[in-house]
Amino acid sequence: MIKVLEYSLNNRSFYREFESVFFEMFKEKRRSNRYLGKNFSFCVVELKEKRTLVLFDLDDGSGITPCRPGILDGDCKLDFDKLERLKSDYNITNNNIMIFKAQLNRKECKYYPFKENIYPLGYFSGNYKNLEKTQANANIEKDIDLFWMGTVNLDSTPWNWPENQDIEMWSSGWRIKGFKALENLKKERKDLNIVFGNKKVSQKDYYNLVNRSKICLELPGCGWFTKRFVENILLEKCILSMKQKQELPFALIENVHYHSLGENLDDLEKEIDNLLQDKDLIYSYEKNAKNIKNNYKPENLANYVFKKINKEMIE
């Protein structure tokens, strides 16, 4: 039976539901306050004297930009001195490290320090139990044609963008573009009820707006995949999004589980109109979201991670 010799918790609160389920799977475990860096947590597992260090990278960075040595910044906020001490304490080599990464795009991992034994982790809603209770409500009138709400830093620029790398690969830049596109569209299309904003509302009001919406737009944030996307799947919504390039533990198929805008936002208005003119198409996306929503249950994600670890330990 696998033992957890030591584990820490991540500082991203939306990860808590998964952690509580995952670590309950181990009868023998010891929690510590050892801190490896922002958005990183770990566990050291043992089976028949074989030890493996499992890192959970919940950072939004995919490895597309460099980090400065010794500074917890850039696309990898990991304290490598503390990591080396942890490895030394348990006599673990680099060959015995596994990484589960929230934002994983292997084509964008140029500056990511780990190249082997990386597995997709995906994102979590952070409110799974509340979302289970909320569910999709068929009795709510869908009077909102298009909905998006989130934080936007219109003055943001990437401090550490590499030379000769296309700025179009900067995910936060696409959120700024998307927000400005919504501003223009709302002015020009008085026939559409577009609800969007960058002000915080209560969780109850937010979910009410989601349920009232025919189409939920997804815009990238600091990373390409967001909590909002997961929430919209769990609420069985028709999602309109740029093509998702992140690897996930389960299938997320373009133009099956979400309606794709492709590589940019050029066809935003056109695709909104296409969806609104085809109620059956909207329904098909809602149905397909319902079919995959259980993939994002903390129990199922915990089982996925446990199986990967178990396979590593017995090989």
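Residues numbered from 1 in each chain as written. Predicted model: local features only at pLDDT ≥ 70, side-chain atom pairs only at ≥ 80, totals over all residues. Heavy atoms only, no water.

## Observations concerning the packing of aromatic side chains
Link 1 in the chain: Counted by the stated rule, this structure contains 24 aromatic pairs.
Link 2 in the chain: With a centroid separation of 5.2 Å and 75° between ring planes, the pair formed by Phe-22 and Phe-26 is classed as edge-to-face.
Link 3 in the chain: On the basis of relative accessibility, which here comes to 0%, the residue Phe-22 falls in the buried class.
Link 4 in the chain: You can call Phe-26 buried: its relative accessible area is 2%.
Link 5 in the chain: Seen from their ring centres, Phe-56 and Phe-100 are 5.8 Å apart, and the 20° between their planes marks the pair as stacked. Here Phe-100 lies in strand S5 (residues 97-101) and Phe-56 lies in strand S4 (residues 50-57), a separation of 44 residues in the sequence.
Link 6 in the chain: Under the relative-accessibility criterion, Phe-56 is labelled buried at 1%.
Link 7 in the chain: Directly above the aromatic system of Trp-174 lies the positively charged group of Lys-177, at a separation of 4.0 Å from the ring centroid. (Phe/Tyr/Trp six-rings, centres within 6.5 Å; stacked < 30°, edge-to-face > 60°. Buried < 20%, exposed > 50% of the residue type's maximum accessible area, 1.4 Å probe, protein only. Helix = DSSP H or I, 4+ residues; strand = E, 2+ residues; numbered from the N terminus. Lys NZ or Arg CZ within 6 Å of the ring centre and 35° of its normal.)

## Here we look at the nonpolar core
Link 1 in the chain: Ranked by size, the top nonpolar core spans 50 residues in total, and within it Phe-22, Phe-56, Phe-100 and Ile-309 carry the most contacts.
Link 2 in the chain: Per-element tally for this core: the top contributor is helix H9 (residues 298-314), with 6 residues.
Link 3 in the chain: The residues contacting Phe-22, other than those within four sequence positions of it, are Cys-43, Phe-56, Ala-302, Val-305, Phe-306 and Ile-309. (Core = buried A, V, L, I, M, F, W, Y, C linked by side-chain atoms within 4.5 Å. Contact = heavy atoms within 4.5 Å.)

## Quick notes on the sheet that holds strand S11 (residues 259-260)
Link 1 in the chain: Pairing within the open sheet is parallel, and its 5 strands lie in the order S8-S7-S9-S10-S11. At either margin of the open sheet sits one strand with a lone partner, and together these are strand S8 (194-197) and S11.
Link 2 in the chain: The pairing of strand S9 (residues 213-218) with strand S10 (residues 239-241) spans 3 bridges and is parallel. Looking at the pairing, Glu-218 lines up with Ser-241 of S10. (Pairing = 2+ DSSP bridges.)

## Observations concerning the pattern of salt bridges
Link 1 in the chain: This structure, assessed with the given rule, holds 19 salt bridges.
Link 2 in the chain: Here Glu-84 ties to Lys-87 by a salt bridge, and the two come within 3.0 Å at their closest N and O atoms. Here Glu-84 pairs with Lys-87, and both are found in helix H2 (residues 80-89), just 3 residues apart, close to one helical turn.
Link 3 in the chain: Judged by relative accessible area, which is 42%, Glu-84 ranks as partly exposed.
Link 4 in the chain: Notably, a salt bridge pairs Lys-142 with Glu-286, separated by 2.3 Å at the nearest N-O pair. Here Lys-142, found in the loop between helix H3 (128-134) and strand S7 (144-149), pairs with Glu-286, found in helix H8 (residues 279-292); they are 144 residues apart in sequence, far enough to count as distant.
Link 5 in the chain: Looking at Lys-142, the relative accessible area reads 31%, which means it is partly exposed. (Salt bridge = Lys/Arg side-chain N within 4 Å of Asp/Glu carboxyl O.)

As far as function goes, none of this settles anything; it's purely spatial.
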